[in-house]
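Examination of the molecular architecture
If you want the building blocks of each chain, they are given just below.
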Amino acid sequence: MNDMKRAVLKPVSYTAGYLMLALLAIFMMGPFLWLLSVSLMPGKNIFSFPPAIFPTFIDFKNYAEVWEFIDFPRYIGNTVLIAVCGVLANIILACLTGYPLAMFRFKGRSFVFGFLIATMIIPSSTALIVHYLTIRAFGLLGTYAGVVLPSAAAVFNIFLMRQTFMGVPGEIRDSGKIDGASEFLIWRRLMLPMVKPGIAVIGLLEMMSYWNSFLWPIVVLDDPAKYPLASALTYLNGQFSYNFGWIAAGTIISVLPIILVFLFTQRYYMEGISGAVKG
Amino acid sequence: MRFKRLHSDTFSAWSFMAPGLILLAIFVVWPIVYSIPLSFTNYSVIGETKYVGIDNFVRAFKDHNFLISLWNSLLYVIVVPFIQVFSILMAILVNSRLPGISAFRTAYYIPVVTSMVAVALMWSWMLSNNGLVNYVLMELGIIHEKVGWLSSSDTALYVLMFITMWKGLGYYMMLYLAGLQAIPSDLYEAAIVDGGTRFQIIRKITIPLLKPYVFFCSLISVMGAVRVFDEVFVLTKGGPGTSTLTSSLYIYQEGIGEFNFGYASALGLIVSILIALLSIAVFKFNQKGGVNPY
């Protein structure tokens, strides 16, 4: 059966197929490779004609210098702190909220569903302004709590966890009840271990989104020393524009961790993305 | 007994959901609700806040910059069909079983997971006067002199659209790939038995069956296009002049930059209504398309 499908969708020939794939790969990966090669060739003028695509020599001087001049450990630490808080908050809140939606019969269930779906449909272009006012009213400007809170609960994650909890047999909850465990203990000890795949997907998607977010941290945090890496990058680009090699090295340092994480976890990641269509 | 069980379920269900629902209420519902009364006030850092009726809306439609920003945001929707066409072609390409195909899928996806800041900066260097893009295009004979892609008001907005598209292609490709793989293979078998050509099969089977995915992807990319912000903020800040001033950027400048919360809310409300109308348009367009695939 699959052979038939393959026969139809297979490109005209292997050669043509690989040629198209390779051209597309150059288009999608070329900019990264160019940046990498520039960052590895200190002293070479990147704005010279013709520009360097492949490095003619390799030297880590740019990396050493930019590490010296810019407090990377601090920015990376800031980013990790924000990402960890955000990821944990998202996981906990999605597991708490998605659990009864999958397993409980309760009053107001359809109301909650309507509420969640409505929040997904109604567009809000004023969110940034009202979030700013809310965080200011809470006295959280300049704090990481203020950075994380607005995105700590996400409807998408809640639905994803509900979907995962649906796959857990209801008898497990009943058996916990017979043993006299409280609802919370059942959730914590019996249920959470069963939904690890869903937790992994949320952890991954949220980790990436916090790692890459730059605008909201700039809005909330008053002091650039508190910035995460992505925000710091926009700010440093202005400061060090005279030394392009540094900025290139800094950019590579900032994107490398996320690309590595993605390469090692892409299977879970893709599951999460396709969950977005089916959900 | 049964009633009691339901009752206790209700209590614990709401206890579980309370933290999440409260946060959603504060950070998702409240911004929508609060922006309505806010947009009828002159709330800002200076002066006394008072109700000003529809003044903000009258001002908005006389505000030259806002009208330009709306126009630019609408213009940005041009990117949507390009994204769909290219990502569907990419999905068809990577749907083959060639050895090593998953490495290509991964490679095409990497721009999606990279931060927009890094992507935008990277492209701005490549698009600079003496950058790689000018060099390649001149070598290929497509252009004859260097083009200031981001510094010219004729090209800047389109260059930003290109960057948006480049970063998003892998994402839409994966969505369409999921769609392609959901098409039952006996349809293809039947088509082959009936002597269908490859082109006919793509046109009569693949495209119609992909329609729900086209709809979903168009919808999210239209919303993304109208609200485009990151790439504009990092690269052009609306310039040169107002050529890349998009409505999200203008709302940001008025709200967070100038602290004109009331006026910025009114602008946001107008844009939200616009997005809602566009979404309805996508719905209608999708319905009109004819054949129901299932």
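Here the structure is a predicted model, which means the values were calculated and not measured.

Attention shifts here to the packing of aromatic side chains. Each aromatic ring pair is specified by the distance between its two centres and by the angle formed by the two planes. Across all of its chains, the model carries 31 aromatic pairs over all chains by this definition. Taken together, Y99, F104, F165, F184 and W187 of chain A together with F16 of chain B form an aromatic cluster joined through their ring pairs. Looking at R59 of chain B, its charged tip hangs above the ring of Y263 of chain B, at a distance of 3.6 Å from the centre.

We now examine the UniProt feature "transmembrane region" (unreviewed entry) in chain B. Residues and elements named next belong to chain B. UniProt records the feature "transmembrane region" (unreviewed entry) for residues 12-33, 74-94, 106-126, 156-178, 209-229 and 261-283 in the present numbering. Counted over residues 209-229, helix gives 81% and strand 0%. Its end C-alpha atoms are 33 Å apart. Helix makes up 100% of residues 261-283 and strand 0%, whereas the separation of the span's terminal C-alpha atoms amounts to 32 Å.

Moving on, we get to the nonpolar core. Grouped together as the largest cluster of nonpolar side chains are 193 residues, with contacts concentrated most on Y99, L116, F165 and Y269 of chain A together with Y108 of chain B. Broken down by element, the residue count for this core peaks at 15 residues, all from helix α8 (residues 156-181) of chain B. Looking at this core, you find at least three residues from each of domain 1 (2-59) and domain 2 (67-278) of chain A. Sequence-distant contacts of Y108 of chain B, that is, excluding residues within four places in its chain, are made with M20, L21, L24, A25 and M28 of chain A together with M90, V94, G170 and M173 of chain B.

Attention shifts here to the packing of helix α4 (residues 79-94) of chain B against helix α11 (residues 211-226) of chain B. All names here are of chain B. For the pair α4 and α11, the least separation of the axes is 9 Å and the interaxial angle reads 140°. Between α4 and α11, the crossing angle belongs to the class labelled oblique. Considering only the axes of α4 and α11, their crossing is right-handed. Packed against α4, whose contacting residues are V79, V80, I83, Q84 and I88, the element α11 presents V214, C217, S218, S221, V222 and A225 at the interface. Partitioned by chemical class, the residues of the contact of α4 with α11 number eight nonpolar, three polar and no charged.

This brings us to unusual backbone geometry. Residue and element names in this part refer to chain B. Located in the positive-phi region is K237, a residue other than glycine, with phi close to 50°. Here K237 shows up in the loop between α12 (230-235) and α13 (247-257). Although it is not a glycine, F259 adopts a positive phi angle of roughly 60°. By the secondary structure assignment, F259 is in the loop between α13 and α14 (261-288).

So, how was this worked out
Residues numbered from 1 in each chain as written. Chains lettered and ligands numbered in written order. Predicted model: local features only at pLDDT ≥ 70, side-chain atom pairs only at ≥ 80, totals over all residues. Heavy atoms only, no water. Phe/Tyr/Trp six-rings, centres within 6.5 Å; stacked < 30°, edge-to-face > 60°. Lys NZ or Arg CZ within 6 Å of the ring centre and 35° of its normal. UniProt positions renumbered as here; feature names shortened; annotations may be inferred. Helix = DSSP H or I, 4+ residues; strand = E, 2+ residues; numbered from the N terminus. Core = buried A, V, L, I, M, F, W, Y, C linked by side-chain atoms within 4.5 Å. Buried < 20%, exposed > 50% of the residue type's maximum accessible area, 1.4 Å probe, protein only. Domains from an automatic or database assignment. Contact = heavy atoms within 4.5 Å. Axes fitted to C-alpha atoms, helices over the stretch in contact; angles between N-to-C directions. Parallel < 35°, antiparallel > 145°, perpendicular 65-115°, else oblique. Left-handed = near helix turned anticlockwise from the far one by under 90°. Nonpolar A, V, L, I, M, F, W, Y, C, P; charged D, E, K, R; others polar.

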